[in-house]
Amino acid sequence: MRVLIPMLWALACCNTPSARNQAPVISYIPIGDYRYLSPCGQSAFSDTLPAGRVTGEYVVYVLKDSSTVNNCLAAGHPGRSEGFPMRYGKDFLLIVEMKGTPGWGMDLRIGEMDGLLQLQLLPVKGGEVKDQYIWHFAAEGREVVRLTSGSGKFAYAKGPAWRGGRRWEDMIRLEGR
C-alpha cells in the first residue's frame, strides 16, 4: 500500500499536461447565413496578395460590441428578424473581405503568442473561394488579439474583454482655478 500511493501520485503528475503546453481554449465557427455590410466599422488590418497580373488585397474587421454587430451584419434569410446571437464582452466576430482576388480563399490558424490570442490569416489559391469570410469566436478574457498574415505583417485589435483606460481630467479645472 505504501508503494502504491506514491506510484499513483507520480503517474497522475507525469501524465497531466501542463498549462503551458495546452492549446488556447478558444472556440470559433464560420458564419455563412449572415452578410457583412461593407465598409462598416474600422478596419483592423489589411494586406495584399498576388492574384495573377493584378495585386489583390484583403481587409480584416473585428466586431465586438452590439452597435457594430447589429449595424454591420445583415441576415442572409429575409424572414429572420432577430439580431446576431452574441455574448457581448465574451465573443467577437472576425470579418475578412477579399477584394480583387479571383481564385484566392482565406484560411485561419489560431495560436497564442506572449499570452495574446494570435490569428494568422493565410491566403490560399483555390479551395473554398468567397469574397467575405465571417468567423464567430468565443474568446472570454481576451483583451487583445494579434492579427498576422503570411507575409509577416501584423496588427493588434481590441478583444471582447477590452475595457477602456482611466479617464484623465484636467486638474486645473477640477481644482476650480
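Scope of this entry: the structure provided in the associated data block.

About the thresholds
- Residues numbered from 1 in each chain as written.
- Predicted model: local features only at pLDDT ≥ 70, side-chain atom pairs only at ≥ 80, totals over all residues.
- Heavy atoms only, no water.
- Helix = DSSP H or I, 4+ residues; strand = E, 2+ residues; numbered from the N terminus.
- Buried < 20%, exposed > 50% of the residue type's maximum accessible area, 1.4 Å probe, protein only.
- Contact = heavy atoms within 4.5 Å.
- Disulfide = S-S within 2.5 Å.
- Phe/Tyr/Trp six-rings, centres within 6.5 Å; stacked < 30°, edge-to-face > 60°.
- Core = buried A, V, L, I, M, F, W, Y, C linked by side-chain atoms within 4.5 Å.

### A short note on the overall build of the chain
Thinking step 1. The secondary structure content of the chain amounts to three helices and 11 strands.
Thinking step 2. Order of helices (α) and strands (β) in the chain, N terminus to C terminus: α-β-β-β-β-α-β-β-β-β-β-β-β-α.
Thinking step 3. The proportion of buried residues among the 177 residues of the chain is 33%.
Thinking step 4. Sequence-distant contacts, at least 24 apart, represent 66% of the contacts inside the chain between residues at least 6 apart.

### Details of unusual backbone geometry
Thinking step 1. Across the junction of Ser 38 and Pro 39, the peptide omega takes the value -20 degrees, indicating a cis bond.
Thinking step 2. Within the secondary structure, Pro 39 sits in the loop between strand E2 (34-36) and strand E3 (43-51).

### Things to note about the state of the cysteines
A covalent bond between the sulfur atoms of two cysteines is what we call a disulfide.
Thinking step 1. With the rule as written, the count across this model stands at one disulfide.
Thinking step 2. Bridging Cys 40 to Cys 72, the disulfide has an S-S length of 1.8 Å. Because the torsion about its S-S bond is -65 degrees, the bridge between Cys 40 and Cys 72 counts as left-handed. Placement of Cys 40 in the loop between E2 and E3 and of Cys 72 in helix H2 (residues 66-72) is noted, with a sequence separation of 32 residues between them.

### Comments concerning the environment of Met 113
Thinking step 1. Inspection of the secondary structure assignment puts Met 113 in strand E7 (residues 104-113).
Thinking step 2. Each C-alpha atom, one on Met 113 and one on Val 145, is 9.9 Å from the other, the two residues being 32 residues apart in sequence.
Thinking step 3. If we ignore the near neighbours within four places in the chain, the residues touching Met 113 are Gln 118 and Arg 146.

### Here we look at the packing of aromatic side chains
Thinking step 1. Enumeration over the complete set of coordinates arrives at six aromatic pairs.
Thinking step 2. Ring geometry for Tyr 28 versus Phe 137: centroids 5.1 Å apart, planes at 15 degrees, classification stacked. Placement of the pair is Tyr 28 in strand E1 (residues 27-30) and Phe 137 in strand E9 (residues 132-138), with a sequence separation of 109 residues.
Thinking step 3. The partly exposed category is assigned to Tyr 28, whose relative accessible area is 38%.
Thinking step 4. Where Phe 92 meets Phe 137, the ring centres are 4.8 Å apart and the plane angle is 0 degrees; that geometry is what we call stacked. On the criterion of sequence distance, the pair formed by Phe 92 in strand E6 (residues 91-99) and Phe 137 in strand E9 is long-range, its members being 45 residues apart.
Thinking step 5. The class of Phe 92 is buried, set by a relative accessible area of 0%.
Thinking step 6. Here Phe 137 falls in the buried class, since its relative accessible area comes to 0%.

### Focus on the nonpolar core
Thinking step 1. By size, the foremost hydrophobic cluster in this structure holds 24 residues, and its most contacted members are Tyr 58, Phe 92, Leu 94, Val 96, Leu 119, Leu 121 and Leu 147.
Thinking step 2. At the level of secondary structure, the elements contributing two or more residues to this core comprise E3, strand E4 (54-63), E6, E7, strand E8 (116-125), E9, strand E10 (144-149) and strand E11 (154-158).
Thinking step 3. Per-element tally for this core: the top contributor is E6, with four residues.
Thinking step 4. When neighbours within four sequence positions are excluded, Phe 92 is seen to be in contact with Val 62, Leu 63, Lys 64, Met 86, Leu 117, Leu 119, Trp 135, His 136, Phe 137, Ala 139, Val 145 and Pro 160.
Thinking step 5. Residues Tyr 36, Tyr 61, Val 69 and Cys 72 belong to the second largest nonpolar core, which totals 15 residues.

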